[in-house]
Amino acid sequence: MTKKNTRMTKQKRIILQILKNTDSHPTADYIYQEARKVLPDISLGTVYRNLRVLREQGEILELSYGSTFSRYDGNPSNHYHFVCTKCGKVQDVDIVLKTKLEEEVREKMGVDVEGHRLEFYGVCNDCKVKN
Ligand code: ZN
Ligand code: MN
């Protein structure tokens, strides 16, 4: 991903800071609530616009799960996630990247593979305890 425009407005800097300070993969709405504590006049539309710009600049990741709203990640490098099917929590999965998979697809199909995404689904430890 190319970093074409590195201009950092105050709004953008604060939104990025909120994302860098959490590992909860928050929604735009959560980011909006946090941003308002610092910038009371900011609008939800401005938050969405800055999230899009940050994503385009490769500063953050947008994680979309089908029809549900997106979640955002302050860590833009490839890593895996575990999504709880009961509470919806998204956690980082700290295992090494399976780059071998890209090799397999390249060999099988003859295509140029630029990357891959991997998501795991199941019941998180908090929800397991509640049963
Ligand atoms: Zn859960
Ligand atoms: Mn993550």
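Cut-off values and rules
- Throughout this description, residue numbers start from 1 for each chain and increase along the sequence as written.
- Written order determines the labels here, with chains lettered from A and ligands numbered from 1.
- Per-residue local features of the predicted model are confined to residues with pLDDT of at least 70, and side-chain atom pairs are confined, for both listing and counting, to 80 or more; whole-chain, interface and lining totals are unaffected and use all residues.
- By convention in this description, side-chain values take in all heavy atoms of the structure and omit both hydrogens and water.
- Counted as coordinating are nitrogen, oxygen and sulfur atoms within 2.8 Å of the metal, or 3.2 Å for Na, K and Ca, while water is not included, which may make sites look incomplete.
- Comment: elements are numbered from the N terminus, with helices defined as DSSP H or I runs of at least four residues and strands as E runs of at least two.
- When a residue's accessible area, from a 1.4 Å probe over protein chains only, is under 20% of the maximum for its type it is buried; when over 50% it is exposed; and in between it is partly exposed.
- Residue ranges assigned to the domains are those given by an automatic or database domain assignment.
- Contacts are assigned to residue pairs that have any heavy atoms within 4.5 Å of one another.
- Accessible area that two parts lose when put together, evaluated with a 1.4 Å probe and summed over both, is termed the buried area.
- Salt-bridge detection follows one rule: a side-chain nitrogen of Lys or Arg within 4 Å of a carboxyl oxygen of Asp or Glu.
- Under this definition, polar contacts are N or O atom pairs within 3.5 Å; protein pairs additionally need one hydrogen-donor-capable and one acceptor-capable atom, and for neighbouring residues in sequence, both atoms have to be side-chain atoms.

Q: Hey, could you run me through the coordination of the manganese ion (ligand 2) in this one?
A: Each angle at a metal carrying four tetrahedral donors should ideally be 109.5 degrees, and each at a metal carrying six octahedral donors should ideally be 90 or 180 degrees. Around the manganese ion (ligand 2), the protein supplies His 25 (NE2), Asp 73 (OD), His 79 (NE2), His 81 (NE2) and Asp 92 (OD) as donor atoms, at distances of 2.0 to 2.3 Å. All donors of the manganese ion (ligand 2) belong to a single chain; written as a sequence motif, their spacing is H-x47-D-x5-H-x1-H-x10-D. Of this pair, His 25 sits in the loop between helix 1 (10-20) and helix 2 (28-38) while Asp 73 is found in strand 2 (residues 71-73), placing the two residues 48 residues apart along the sequence. For His 25, a relative accessible area of 2% corresponds to the buried category.

Q: How do you make sense of the domain arrangement of the chain when you look at a structure like this?
A: Accessible area lost on assembly of the parts is the figure often given for the size of an interface. For the chain, the domain assignment lists domain 1 (3-73) and domain 2 (80-130). Each side of the interface is counted separately: domain 1 has nine residues, and domain 2 has nine residues. Among the residues domain 1 hides against domain 2, the three largest losses belong to His 25, Tyr 65 and Arg 71. Together they make up 65% of the total. Here domain 1 and domain 2 share zero salt bridges between them. Our count for the domain 1 to domain 2 interface comes out at five residue pairs in polar contact (both at pLDDT 80 or more). Mapped by element, the contributors of at least two residues to the side of domain 1 that touches domain 2 are strand 1 (61-63) and strand 2.

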